[in-house]
Amino acid sequence: MEDVFQKIKEHEQVIFCNDEGTGLRAIIAIHSTRLGPALGGCRMFPYKSEAEALEDCLRLSKGMTYKCAAADVDFGGGKAVIIGDPNSDKSPELFRAFGQYVESLHGRFYTGTDMGTSPEDFIHALKETNCIVGVDEVYGGSGDSSVPTAQGVIYGLQATNKALTGSDDLAGRSYAIQGLGKVGMKVAERLMDEGADLYVTDINDHALGQLLLKAKSHGSAVKVLDSQEIYSAPADIFVPCAMGGILNDETISLLKVQGVAGSANNQLLENRHGQTLKDRGILYAPDYIVNSGGLIQVADELYTPNKERVLQKTKAIYTSLLNVYEYSQYHGITTVEAANQFCENRIDARTRRNSFFSHMKRPKWDIRG
Ligand SMILES: NC(=O)C1=CN([C@@H]2O[C@H](COP(=O)(O)OP(=O)(O)OC[C@H]3O[C@@H](n4cnc5c(N)ncnc54)[C@H](O)[C@@H]3O)[C@@H](O)[C@H]2O)C=CC1
Ligand SMILES: O=C(O)CCC(=O)C(=O)O
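Below or above, wherever it landed, is the structure these notes cover. Predicted model, so just to flag it, every value in this text is computed and none were measured.

1. Overview of the overall build of the protein chain
Next up, step 1: Within the protein chain, the secondary structure is distributed over 13 helices and 12 strands.
Next up, step 2: Here the protein chain has a C-alpha radius of gyration of 20 Å; the compact-globule value for 369 residues is 21 Å, and the two agree.
Next up, step 3: Based on the C-alpha atoms only, the size of the protein chain along its principal axes is roughly 50 × 45 × 45 Å.
Next up, step 4: Only carbon and sulfur atoms are counted for the fraction: they give 50% of the accessible area of the protein chain, which is about 16600 Å².
Next up, step 5: Side chains of the protein chain give 38 positive and 47 negative charges; the mean places of these two sets differ by 5 Å.

Following this line, the structure appears as structure tokens:
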């Protein structure tokens, strides 16, 4: 027991959800509500153990606190994980059961898609709770959040190219993409449109096959590599769009790229790996800035949907990253330290405002009425 509280000591609340009838085993972690109700997607993954699922959920929800601060949205950090195989363990009833647990939190936690889940899954959860974001427009949501996430990755790649070469052109550069799912596939397509060369990997052969078909029609140069080879691809930029923890002692020593910018959450196994990348002269784009497009869209559901406004807000990723690069260089710190400092200062400043107004009802956080 002591161990569990030690593990969750940075978090406000952790909820274990068990529904025998549907087989639901999920964890919801609320890291911080200092900026507003917690917001974060729900991942479905066949975790090897409950400890691994808890660890992932704790790391992801903490990342959301920083992502919300960086993206300047009035939400806090939370995340959910469902233990199970997204290819075989999904059912409408399972997502309804999950929705009931979300509803039990009375608006402290809003959720939507992440790795292994789709907007369609949450239409079932929506029958049990209004605290769902990112469903299709016909259900009153803002639609697939992987679209602005992928757009944000493109801004991240442009900013990283700008810092490395002086030009934000995507063309004439090569990219090693890990994961061709909802986000990675869209990033790959856009890069092919720009005439870039790609190295790609995915554990799903169907996704690889789809990309190769698209590459043929684009006339693009795409080389498929295996899961390990992707780390030593002779590309300009590594674009992780699958699991977290992939930048570690072993993999960083293999990298041949000049920069890393991708959508995967928690790319660094530990914060010290930001320094390891810096020591190797590799420019690292903090993941929670690059991948904030989806958050920006779902947080924007507080207002009447407007794709143009979301796109405008997502464009800020370009400038935010350039500011982080400049600040980290000026102060001789890593890009992660620079981004974290900025977010922590913003959270402290905003918390004071939130507590000042604590007597008020908060209609601004009333998504869906
Ligand atoms: N969907 C979104 O809007 C957002 C996603 N993210 C993050 O971006 C990453 C990707 O998300 P999605 O595209 O939504 O997930 P997804 O589930 O649609 O796609 C993930 C892809 O990665 C592949 N994959 C899994 N393990 C792999 C491995 N070891 N090597 C190579 N490929 C592997 C899967 O086969 C799948 O094609 C995740 O880390 C997610 O948390 C972050 C912010 C928002
Ligand atoms: O995309 C979403 O639904 C919420 C944002 C999120 O979970 C993320 O950015 O990781």
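2. Considering the site of ligand 1
Next up, step 1: Taken together, 22 residues lie around ligand 1, and Arg43, Thr149, Asp202, Ala242 and Asn265 are the ones closest in.
Next up, step 2: Between an oxygen atom of ligand 1 and a main-chain N or O atom of Lys182, the distance comes to 2.9 Å.
Next up, step 3: A distance of 2.6 Å is found between an oxygen atom of ligand 1 and a backbone nitrogen or oxygen belonging to Ala242.
Next up, step 4: Considered on its own, ligand 1 offers 830 Å² of accessible surface; in the complex 86% of this is hidden by protein.
Next up, step 5: Counting residues per element, the ones that place at least two in the shell around ligand 1 are α5 (146–165) and α6 (182–193).
Next up, step 6: For the shell around ligand 1, a count of residues per class yields seven nonpolar, 10 polar and five charged.

3. Quick notes on the packing of aromatic side chains
Next up, step 1: Evaluation of the coordinates by the stated rule reveals six aromatic pairs.
Next up, step 2: Taken together, a centroid distance of 5.1 Å and an interplanar angle of 65° make the contact between Phe45 and Tyr47 edge-to-face.
Next up, step 3: A relative accessible area of 25% places Phe45 in the partly exposed class.
Next up, step 4: Summarising the aromatic geometry, the rings of Tyr66 and Tyr288 are spaced 5.8 Å apart at their centres and angled 45° between planes, so their arrangement reads as tilted. One end of the pair, Tyr66, is in helix α2 (residues 50–71); the other, Tyr288, is in helix α10 (residues 287–290), and 222 residues separate them in sequence.

4. A short note on the nonpolar core
Next up, step 1: In terms of nonpolar packing, the biggest core is built from 46 residues, with Leu157, Tyr175, Leu180, Val187, Leu191 and Val239 touching the most fellow members.
Next up, step 2: Contacts of Leu191, omitting those with residues within four sequence positions, involve Ile154, Leu157, Leu170, Tyr175, Ile177, Ala196 and Leu198.
Next up, step 3: Counting residues in hydrophobic clusters, the runner-up holds 39 residues, among them Cys17, Val73, Ile123 and Ile367.

5. Observations regarding the sheet that holds strand β11 (residues 259–260)
Next up, step 1: The strand order β9-β8-β7-β10-β11-β12 describes an open sheet built from six strands, whose pairing is parallel. Edge positions in the sheet fall to β9 (222–224) and β12 (283–284), since each has one partner strand and no second.
Next up, step 2: Bridge analysis of β11 against β12 gives two bridges, and the strand direction is parallel. Across the sheet, Val260 pairs through a bridge with Tyr284, a residue of β12.

6. Considering the site of ligand 2
Next up, step 1: Contacts to ligand 2 come from Gly40, Gly41, Met64, Lys67, Lys79, Thr113, Asp114, Ser145, Asn265 and Val298.
Next up, step 2: In this structure, an oxygen atom belonging to ligand 2 sits 2.6 Å away from a side-chain N or O atom of Lys67.
Next up, step 3: Within the backbone of Thr113, a nitrogen or oxygen atom sits 3.5 Å from an oxygen atom of ligand 2.
Next up, step 4: Compared with its free state, where it exposes 290 Å², ligand 2 has 94% of that area covered by protein.
Next up, step 5: Taken together, the residues of the shell around ligand 2 sort by class into two nonpolar, five polar and three charged.

The rules behind the values
The residue count restarts for each chain, going from 1 along the sequence in the order it is written. All chains are assigned letters beginning with A, and all ligands numbers beginning with 1, in the order in which they are written. Predicted model: local features are reported for residues with pLDDT of at least 70 only, side-chain atom pairs are reported and counted for 80 or more only, and whole-chain, interface and lining totals are derived from all residues. Side-chain measures were taken over the full set of non-hydrogen atoms in the model, leaving aside hydrogen atoms and water. Helix and strand assignments follow DSSP, with helices taken as H or I runs no shorter than four residues and strands as E runs no shorter than two, numbered in order from the N terminus. Throughout, radius of gyration means the C-alpha value; the globule benchmark is 2.2 Å times the number of residues raised to the power 0.38. In short, Shrake-Rupley with a 1.4 Å probe defines the accessible areas, and a residue's cover is counted only from the protein chains shown. Counting rule for charge: Lys and Arg are taken as positive, Asp and Glu as negative, and neither His nor the chain ends is counted. Taken as the charge centre is NZ of Lys, CZ of Arg, CG of Asp or CD of Glu, depending on the residue. For each residue, the test is whether any non-hydrogen atom lies within 4 Å of the molecule or strand; if one does, the residue is near. Between N or O atoms, a polar contact is any pair within 3.5 Å; within protein, one atom must be a potential hydrogen donor and the other a potential acceptor, and residues adjacent in sequence are included only when both atoms are from side chains. Residue polarity follows a fixed list, in which Ala, Val, Leu, Ile, Met, Phe, Trp, Tyr, Cys and Pro are nonpolar, Asp, Glu, Lys and Arg are charged, and the others, Gly among them, are polar. Classification of ring pairs uses Phe, Tyr and Trp, with its six-membered ring standing for Trp, and accepts pairs whose centres are within 6.5 Å; under 30 degrees between planes counts as stacked, over 60 as edge-to-face, and the remaining range as tilted. Any residue under 20% of the maximum accessible area for its type is buried, any over 50% is exposed, and the rest in between are partly exposed; the area is computed with a 1.4 Å probe on protein chains only. For our purposes a nonpolar core is just a set of buried Ala, Val, Leu, Ile, Met, Phe, Trp, Tyr and Cys residues, chained together by side-chain atoms within 4.5 Å. What makes two residues a contact is simply this: any of their non-hydrogen atoms within 4.5 Å. Strand pairing is defined by DSSP finding a minimum of two bridges between the two strands.

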